[in-house]
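# Results of the structural survey
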Amino acid sequence: MKRYLALLMAAAVIFSLAACGTKKREAPGRPEQAREETAVEDAETVPDGKILIAYFTAAENSGVDAVSSASYSMVNDEAVGRLRAIADMIQAETGGELFSIRTSVVYPADGGELIDYAAQEQEEDARPELTSHIEGFDEYGTIFVGYPNWWADLPQVLYSFFDEYDFSGKTVIPFNVHNGSRFSGTIETIQELEPEATVITDGFTVNEKDVPEAADDVADWLDEIGY
C-alpha cells in the first residue's frame with residue numbers, strides 16, 4: 001500500500017513539473033492579442049513617406065547673384081532667396097529634403113520689371129519649362145511647396161510644377177512669402193489642381209520684410225500642424 005501511495009505522489013510531482021515547464025515556454029513575449037494591438041499602433045506611427053520641401057524663388061532663376069535680385073533677404077548676414085530662407089527653416093525642424101524649382105525662364109532681377117513680367121505670364125497663361133526634376137517622387141508622402149504671391153496668384157511656374165507630378169494620396173503643405181496679400185486664393189487653387197491630394201489649408205505665410213526673423217514662427221507653425 002505504501003509503495004502504491006509513493007508511486008502516486010511521484011507521478012503527481014512529475015505532472016506538476018511538466019505543467020510548470022509548459023507555462024514557462026508560453027510566458028516569454030506578450031499575449032497574441034497584445035502583440036497585434038502594438039503592431040497596429042507601431043504601423044500608425046510610421047511616417048507616410050519622406051518629406052520634401054520644394055520651393056520657387058526668382059532669386060535662383062534670375063541669372064544673377066542673389067544679392068543683385070529683388071527676391072532676396074539678408075539672413076545671418078548672407079543674401080538668400082526669401083523662399084529658400086523659409087525652406088531652410090522648415091528643413092531645420094523637419095529634416096526634409098530641399099528641392100529648388102528651376103525653369104528655363106530668366107526672371108528680371110529688378111523688382112518692378114519682375115512684377116511686370118509676372119503679369120505678362122499670367123495674361124498669357126504661360127507654362128514655363130522646368131529644368132529641375134524630382135527623382136523618386138513616389139517616395140515622398142509629405143511635400144511642402146513654397147512660392148511668392150504674384151498678383152494674388154501662384155507664379156506660372158507653379159502651374160508647370162503641379163502639371164508635371166501626380167500628387168494623389170500625398171499631403172501638400174503650402175508656405176508663402178508676400179508683400180501684404182498673404183495667400184490670396186492660392187491654397188484653393190492648389191486644391192483645384194490636385195483634388196486627390198490632402199492640401200493643408202493652415203499654411204505658413206510671412207511678409208517679405210519679416211523673413212530674416214521668421215525661424216521661431218516657422219517652428220511654432222510646424223508644431224501646430226504636427227511636424
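Residues numbered from 1 in each chain as written. Predicted model: local features only at pLDDT ≥ 70, side-chain atom pairs only at ≥ 80, totals over all residues. Heavy atoms only, no water.

## Side note on the pattern of salt bridges
One pass over the structure, following the stated rule, counts 9 salt bridges. Linked by salt bridges that have partners in common, Glu60, Arg84, Asp88 and Arg102 make up one network. (Salt bridge = Lys/Arg side-chain N within 4 Å of Asp/Glu carboxyl O.)

## So, the side chain of Ser160
Looking at the secondary structure, you find Ser160 in helix α5 (residues 156–164). Owing to a relative accessible area of 7%, Ser160 belongs among the buried residues under this scheme. Ignoring any residue separated from it by four or fewer positions in sequence, one finds Ser160 in contact with Arg127, Pro128 and Leu130. (Helix = DSSP H or I, 4+ residues; strand = E, 2+ residues; numbered from the N terminus. Buried < 20%, exposed > 50% of the residue type's maximum accessible area, 1.4 Å probe, protein only. Contact = heavy atoms within 4.5 Å.)

## A short note on the nonpolar core
Ranked by internal contacts, the top residues of the largest apolar core, which has 32 residues, are Ile101, Leu158, Phe161 and Phe167. Among the elements of the structure, β1 (50–55), α4 (111–124), β5 (140–148), α5 and α6 (186–193) are those that each provide at least two residues to this core. Here this core gets 5 residues from one element, more than from any other, and that element is α5. Setting aside residues up to four positions removed in sequence, Phe161 forms contacts with Ala54, Phe99, Ile101, Leu130, Ile134, Val145 and Phe167. (Core = buried A, V, L, I, M, F, W, Y, C linked by side-chain atoms within 4.5 Å.)

## Observations regarding the environment of Ala54
If you trace the backbone, Ala54 turns up in strand β1. What makes Ala54 buried here is its relative accessible area of 0%. Ala54 sits 93 residues away from Tyr147 along the chain, and the two C-alpha atoms are 8.9 Å apart. Ignoring sequence-local partners within four residues, the contact set of Ala54 consists of Phe99, Ile101, Phe144, Val145, Gly146, Phe161 and Phe175.

Everything listed here is a matter of coordinates, which is why it stays silent on function.
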